Amino acid sequence: MYQYYKGLIIREGTYGISGQTLRKLYLEIGWCNNQLPQWQNEKFEIALHNSAWAFSVWDGEELIGVVRVVSDRIMVASIQDLMVKERYRKQGIGKKLVELSIQKLPCGNWSARTTPEYYKFYGKCGFVMPNANNTSLEYNGYLKARADGDR
(Lines give C-alpha, C1' and ligand atoms only; values in the text may rest on other atoms or scores of the structure.)
Protein backbone atom coordinates (compact mmCIF):
# COMPACT_ATOMS: atom_id res chain seq x y z
CA MET A 1 0.00 0.00 0.00
CA TYR A 2 1.17 3.46 -0.85
CA GLN A 3 -0.50 6.70 0.10
CA TYR A 4 0.36 10.33 -0.15
CA TYR A 5 0.50 12.53 2.92
CA LYS A 6 1.46 16.20 2.75
CA GLY A 7 3.65 15.63 -0.30
CA LEU A 8 5.34 12.56 1.20
CA ILE A 9 4.83 8.87 0.43
CA ILE A 10 3.78 6.46 3.17
CA ARG A 11 4.51 2.85 2.35
CA GLU A 12 3.18 -0.18 4.21
CA GLY A 13 5.59 -3.06 4.69
CA THR A 14 9.31 -3.50 5.04
CA TYR A 15 10.58 -4.73 1.72
CA GLY A 16 13.31 -2.66 0.17
CA ILE A 17 14.39 -1.01 3.43
CA SER A 18 17.98 -1.98 4.07
CA GLY A 19 19.73 -2.17 7.41
CA GLN A 20 22.04 0.62 6.27
CA THR A 21 19.06 2.88 5.51
CA LEU A 22 17.56 2.14 8.93
CA ARG A 23 20.89 2.73 10.66
CA LYS A 24 21.10 6.14 9.01
CA LEU A 25 17.67 7.02 10.42
CA TYR A 26 18.59 5.69 13.89
CA LEU A 27 21.79 7.77 13.78
CA GLU A 28 20.04 10.95 12.71
CA ILE A 29 17.45 10.78 15.47
CA GLY A 30 20.07 9.82 18.08
CA TRP A 31 19.01 6.25 18.87
CA CYS A 32 22.44 4.80 18.11
CA ASN A 33 25.95 6.05 17.48
CA ASN A 34 28.61 5.66 14.83
CA GLN A 35 30.53 3.30 17.09
CA LEU A 36 28.18 0.42 16.30
CA PRO A 37 29.83 -2.15 14.03
CA GLN A 38 28.44 -2.47 10.51
CA TRP A 39 27.14 -5.98 11.20
CA GLN A 40 24.52 -4.36 13.47
CA ASN A 41 22.77 -3.18 10.29
CA GLU A 42 21.55 -6.75 9.86
CA LYS A 43 19.91 -6.63 13.30
CA PHE A 44 18.02 -3.45 12.37
CA GLU A 45 16.83 -5.04 9.15
CA ILE A 46 15.79 -8.35 10.75
CA ALA A 47 13.89 -6.58 13.55
CA LEU A 48 11.99 -4.50 11.01
CA HIS A 49 11.20 -7.45 8.74
CA ASN A 50 10.02 -9.58 11.69
CA SER A 51 7.55 -6.92 12.80
CA ALA A 52 3.82 -7.60 12.46
CA TRP A 53 3.32 -4.26 10.73
CA ALA A 54 5.51 -1.41 9.64
CA PHE A 55 4.99 1.82 7.77
CA SER A 56 7.72 4.00 6.33
CA VAL A 57 7.60 7.62 5.20
CA TRP A 58 9.65 8.83 2.24
CA ASP A 59 10.54 12.25 0.91
CA GLY A 60 11.65 11.26 -2.55
CA GLU A 61 14.39 8.67 -1.98
CA GLU A 62 15.00 9.70 1.65
CA LEU A 63 13.57 7.62 4.49
CA ILE A 64 12.31 10.20 6.99
CA GLY A 65 10.14 8.13 9.32
CA VAL A 66 9.21 4.60 10.40
CA VAL A 67 6.85 2.90 12.81
CA ARG A 68 7.38 -0.73 13.77
CA VAL A 69 4.71 -2.82 15.52
CA VAL A 70 5.07 -6.17 17.28
CA SER A 71 1.78 -8.06 17.63
CA ASP A 72 -0.03 -11.38 17.78
CA ARG A 73 -2.30 -9.78 15.13
CA ILE A 74 -5.49 -10.62 17.01
CA MET A 75 -5.48 -9.20 20.56
CA VAL A 76 -2.41 -7.19 21.46
CA ALA A 77 0.09 -4.94 19.73
CA SER A 78 2.98 -2.76 20.79
CA ILE A 79 4.61 0.15 19.06
CA GLN A 80 8.28 -0.70 19.37
CA ASP A 81 9.81 2.07 17.31
CA LEU A 82 8.34 5.33 16.09
CA MET A 83 10.91 7.55 14.43
CA VAL A 84 10.55 10.78 12.48
CA LYS A 85 13.51 12.93 11.53
CA GLU A 86 13.71 16.16 13.50
CA ARG A 87 13.11 18.51 10.57
CA TYR A 88 9.87 16.66 9.71
CA ARG A 89 8.38 16.70 13.21
CA LYS A 90 5.34 18.77 14.21
CA GLN A 91 3.71 18.05 10.83
CA GLY A 92 1.41 15.23 11.92
CA ILE A 93 3.59 12.47 10.44
CA GLY A 94 4.12 10.57 13.69
CA LYS A 95 0.42 10.76 14.53
CA LYS A 96 -0.46 9.51 11.04
CA LEU A 97 1.88 6.53 11.50
CA VAL A 98 0.25 5.68 14.84
CA GLU A 99 -3.23 5.98 13.28
CA LEU A 100 -2.28 3.67 10.41
CA SER A 101 -0.89 1.17 12.89
CA ILE A 102 -3.99 1.18 15.11
CA GLN A 103 -6.17 0.65 12.02
CA LYS A 104 -4.52 -2.77 11.66
CA LEU A 105 -5.97 -3.86 15.04
CA PRO A 106 -8.56 -1.25 16.02
CA CYS A 107 -10.18 -3.29 18.81
CA GLY A 108 -6.91 -4.54 20.24
CA ASN A 109 -4.99 -3.67 23.35
CA TRP A 110 -2.06 -1.47 22.36
CA SER A 111 1.00 -0.33 24.25
CA ALA A 112 3.80 2.07 23.51
CA ARG A 113 6.93 2.05 25.61
CA THR A 114 8.37 5.53 25.53
CA THR A 115 10.04 8.25 27.55
CA PRO A 116 8.31 11.09 29.41
CA GLU A 117 8.97 13.71 26.74
CA TYR A 118 6.67 11.78 24.38
CA TYR A 119 3.76 11.11 26.79
CA LYS A 120 1.88 14.17 25.53
CA PHE A 121 2.30 13.05 21.90
CA TYR A 122 0.93 9.58 22.62
CA GLY A 123 -1.88 11.16 24.65
CA LYS A 124 -2.94 13.03 21.51
CA CYS A 125 -3.03 9.65 19.76
CA GLY A 126 -5.44 8.24 22.37
CA PHE A 127 -2.96 6.45 24.62
CA VAL A 128 -3.21 6.71 28.42
CA MET A 129 -0.78 5.93 31.22
CA PRO A 130 -2.30 3.22 33.44
CA ASN A 131 -0.32 4.31 36.53
CA ALA A 132 2.39 6.75 37.50
CA ASN A 133 5.06 4.06 37.91
CA ASN A 134 4.73 2.76 34.37
CA THR A 135 6.79 3.67 31.30
CA SER A 136 4.28 2.12 28.90
CA LEU A 137 1.19 3.87 27.65
CA GLU A 138 -1.93 2.02 26.56
CA TYR A 139 -4.55 2.42 23.85
CA ASN A 140 -7.55 0.29 24.75
CA GLY A 141 -9.31 -0.36 21.46
CA TYR A 142 -11.58 -2.86 23.14
CA LEU A 143 -13.19 -0.02 25.14
CA LYS A 144 -14.08 1.79 21.93
CA ALA A 145 -15.37 -1.46 20.42
CA ARG A 146 -17.51 -2.10 23.50
CA ALA A 147 -18.89 1.46 23.40
CA ASP A 148 -19.71 0.99 19.70
CA GLY A 149 -21.48 -2.30 20.49
CA ASP A 150 -18.90 -4.40 18.65
CA ARG A 151 -17.56 -6.33 21.63
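Scroll up to find the structure this text is about.
This text gives an overview of the structure that appears in the document. If you're wondering where the values come from, they're calculated on a predicted model, not measured in any experiment. (Residues numbered from 1 in each chain as written. Predicted model: local features only at pLDDT ≥ 70, side-chain atom pairs only at ≥ 80, totals over all residues. Heavy atoms only, no water.)

Glancing now at the sheet that holds strand β2 (residues 8-12). Strand order in the open sheet made by the seven strands is β1-β2-β3-β4-β5-β6-β7, with mixed pairing throughout. At either end of the open sheet lies a strand with only one pairing partner, and these are β1 (2-5) and β7 (136-140). Neighbour-to-neighbour, the strand axes of this sheet turn through a mean angle of 25°, independent of strand direction. Direction of pairing for strand β3 (residues 53-59) relative to strand β4 (residues 62-71): antiparallel, over a ladder of seven bridges. When the sheet's bridge partners are listed, D59 is paired in β4 with E62. (Pairing = 2+ DSSP bridges. Helix = DSSP H or I, 4+ residues; strand = E, 2+ residues; numbered from the N terminus. Axes fitted to C-alpha atoms, helices over the stretch in contact; angles between N-to-C directions.)

In terms of nonpolar packing, the biggest core is built from 28 residues, with I79, I93, L97, V98, W110, Y122 and F127 touching the most fellow members. Secondary-structure elements contributing two or more residues to this core are β2, β3, β4, β5 (76-84), α3 (93-104), β6 (109-113) and β7. Tallying contributions element by element places α3 first for this core, with five residues. Once you skip the residues sitting within four places of it in the chain, L97 turns out to touch I10, F55, V57, G65, V66, V67, L82 and V84. Counting 13 residues, the second-largest nonpolar core is a separate cluster that includes I17, W58, V66 and M83. (Core = buried A, V, L, I, M, F, W, Y, C linked by side-chain atoms within 4.5 Å. Buried < 20%, exposed > 50% of the residue type's maximum accessible area, 1.4 Å probe, protein only. Contact = heavy atoms within 4.5 Å.)

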